[in-house]
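An overview of the molecular structure
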Amino acid sequence: MNTKLLVVDDELHIRMLYQEELQNENYSVAVSDGREPILDVVAREKPDLVILDIKLEGNPMTGLDLLQTLQTSSPELPVILSSAYDSFQNELKASAADAYNVKSVDLTGLKETIRTVLAKKHKS
């Protein structure tokens, strides 16, 4: 079975980059700009893992708010927070995520984080 990832990011070029790179790693990838309610997207796409941007332009909720919503409704669903800034890593709400990734055009670190989080999920 193909592992499905959901990328939630307000920036089109980030969604496209992540989708292409992660599909090359044999993941099935769904994308969302964060405007549709997160629980609706998760219910429809049924991802194995969510990569969630913290700052979502045009959305009254931040990625940290969405993380809280996901933790409440689907606590077994792993979430990797993604941000251009490492300062969010120290926020209390961010500690609920399974991992934290600082955005880069080089996705080597993100890919490794995905493998680690998925391996941890499959062990439990």
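Rules used in this analysis
- Residues numbered from 1 in each chain as written.
- Predicted model: local features only at pLDDT ≥ 70, side-chain atom pairs only at ≥ 80, totals over all residues.
- Heavy atoms only, no water.
- Helix = DSSP H or I, 4+ residues; strand = E, 2+ residues; numbered from the N terminus.
- Buried < 20%, exposed > 50% of the residue type's maximum accessible area, 1.4 Å probe, protein only.
- Areas by Shrake-Rupley, 256 points an atom, 1.4 Å probe, with all protein chains shown as cover.
- Contact = heavy atoms within 4.5 Å.
- Core = buried A, V, L, I, M, F, W, Y, C linked by side-chain atoms within 4.5 Å.
- Pairing = 2+ DSSP bridges.
- Axes fitted to C-alpha atoms, helices over the stretch in contact; angles between N-to-C directions.

Another point: the overall build of the protein. Counting secondary structure elements, the protein contains 4 helices and 5 strands. Starting at the N terminus and walking to the C terminus, you meet the elements of the protein as β-α-β-α-β-α-β-β-α. Considering only C-alpha atoms, the protein reaches an extent of 35 × 30 × 30 Å along its principal axes. Taking all 124 residues of the protein together, 46% fall into the buried category. Carbon and sulfur atoms form 50% of the exposed surface of the protein, whose accessible area is close to 6,800 Å².

Turning to the environment of L17, a few remarks are in order. Note that L17 resides in helix α1 (residues 12-24). The class for L17 is partly exposed, based on a relative accessible area of 25%. The sequence separation of L17 and D106 amounts to 89 residues, and the corresponding C-alpha distance is 9.9 Å. If sequence neighbours within four positions are ignored, L17 has contacts with S104, V105 and L107.

Turning next to the nonpolar core. A general trend in soluble globular proteins is that nonpolar side chains are found buried together. Counting residues in hydrophobic clusters, the biggest one holds 20 residues, and the most contacted among them are L6, V8, I38, V50, L52, L70 and L81. Listing elements by their share of this core, those giving two or more residues are β1 (4-8), α2 (38-45), β3 (49-53), α3 (63-73) and β4 (79-83). Among the elements that make up this core, the one with the highest residue count is α3 (4 residues). In this view, L70 contacts I38, L39, V42, V50, L52, P75, L77 and V79; residues no more than four positions away in its chain are not counted.

Ordered by their spatial adjacency, 5 strands build an open sheet running β2-β1-β3-β4-β5, and the pairing between neighbours is parallel. Each of the sheet's edge strands pairs with one partner strand only, and the pair in question is β2 (28-32) and β5 (99-102). Strand after strand, the sheet turns through a mean of 20 degrees between neighbouring axes, direction not considered. Examined bridge by bridge, β1 and β3 share 4 bridges and lie parallel to one another. If you follow L6 over to β3, its bridge partner there is V50.

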